Amino acid sequence: MTQEVYVEEINDMFTSIRGQRHDFLNHVQVIHTMAQMNKVDQLKSYVADLVKETRDVSEIVHHSSPALAAFIQAKTTVALGRDIRFTYVLPDNWNVEETTIKAIDIIKIMGNLVDNAFDETETLPPDERKVHAAIHIKDDRIIELQVTNKGRPISAKDKEHIFQPGYSTKGDGHSGLGLAIVMERVKHYNGNLAVQPEEGTGNTHFRITLPLTAI
């Protein structure tokens, strides 16, 4: 089960890294040409973008949790392909015991929430497509998971039913199982889940708290 969840995301992460290495010569040629043409401002901007992209991937790959690193890199790759601005926050050190909350379940919860957010925000114009994911460990007692995205407001009816298996607001082609899986895992760990619309911004926050105590 672990392999099924991780393998695609790990492969996507390595594909991204190989792509960076493959493009290295092209970047060097562009930098060399800009330097010869004395395009200093453009050169600085180009190198800054290149350094940021490389640093982002490097920081993810060297995170203390390989599972979270693979997950974030995979979702970053998907977001780029769908023209979505994807930002994230991870704990600096992931030292959660597997006997308390399994990393595979963190991935299941966050993966389904992020996928759902991607689908929803993709209905917006490209410049409004933003998804933010965050994982925090608070006082060594609680894991807080949050995914925020812009999109259509969730009606009272949808809010009542979106976590039921088979219910979907997206029409044909969607199983309606993603949020049901999220709710099942939250209940399994005696956690709490809240859906909070943010008035005036069009943002919706999915917030989950899971107690760091053995089941």
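Participant: So what's going on with the sheet that holds strand 1 (residues 85-89)? Which residues, and what values?
Facilitator: If you walk across this open sheet you meet the 5 strands as 1-2-3-5-4, and the pairing is mixed. Of all strands in the sheet, those with a lone pairing partner are strand 1 and strand 4 (192-198), marking the two edges. Sheet twist, expressed as the mean angle between neighbouring strand axes with direction ignored, is 10°. Relative to strand 2 (residues 130-138), strand 1 is paired through 5 bridges, and the arrangement is parallel. Looking at the pairing, Val89 lines up with Ala134 of strand 2. Contacts from helix 3 (residues 66-81) reach strand 1 and strand 2 within the one sheet, and its direction differs from that of strand 1 by about 165°. Along the sheet face, helix 6 (residues 178-188) touches strand 4 and strand 5 (203-211) and points at about 130° away from the line of strand 4.

Participant: Tell me about unusual backbone geometry, and please be specific about residues and values.
Facilitator: One non-glycine residue, Asn38, lies in positive phi territory at about 60°. Position of Asn38 relative to the elements: it lies in the loop between helix 1 (2-36) and helix 2 (40-61). You will see that Asn190, though not glycine, has its phi angle at about 55°, which is positive. Counting through the fold element by element, Asn190 comes out in the loop between helix 6 and strand 4. We classify Asn190 as exposed; its relative accessible area is 61%.

Participant: Which residues make up the nonpolar core, and what are the values?
Facilitator: Among the nonpolar cores identified, the biggest contains 36 residues, and Ile106, Ile135, Ile143, Leu145 and Leu210 are the most heavily contacted of them. Breaking this core down by element, the ones donating at least two residues are helix 3, helix 4 (103-121), strand 2, strand 3 (142-150), helix 6 and strand 5. It is helix 4 that contributes the most residues to this core, 8 residues altogether.

Participant: Please set out the side chain of His27 residue by residue, giving values where relevant.
Facilitator: Checked against the element boundaries, His27 lands in helix 1. Separated by 2.7 Å, the side chains of His27 and Tyr46 make a polar contact.

Participant: Lay out the packing of aromatic side chains in plain terms, naming residues and giving numbers.
Facilitator: Considering all chains together, one arrives at 2 aromatic pairs under this definition. On the numbers, 6.3 Å between centres and 35° between planes, the contact of Phe86 with Tyr88 is tilted. Take Phe86: its relative accessible area is 11%, and that puts it in the buried class.

Reading the values: rules and limits
Residues numbered from 1 in each chain as written. Predicted model: local features only at pLDDT ≥ 70, side-chain atom pairs only at ≥ 80, totals over all residues. Heavy atoms only, no water. Pairing = 2+ DSSP bridges. Helix = DSSP H or I, 4+ residues; strand = E, 2+ residues; numbered from the N terminus. Axes fitted to C-alpha atoms, helices over the stretch in contact; angles between N-to-C directions. Contact = heavy atoms within 4.5 Å. Buried < 20%, exposed > 50% of the residue type's maximum accessible area, 1.4 Å probe, protein only. Core = buried A, V, L, I, M, F, W, Y, C linked by side-chain atoms within 4.5 Å. Polar contact = N/O pair within 3.5 Å; in protein donor to acceptor, adjacent residues only side chain to side chain. Phe/Tyr/Trp six-rings, centres within 6.5 Å; stacked < 30°, edge-to-face > 60°.

By themselves, these observations are geometric and do not establish any function.
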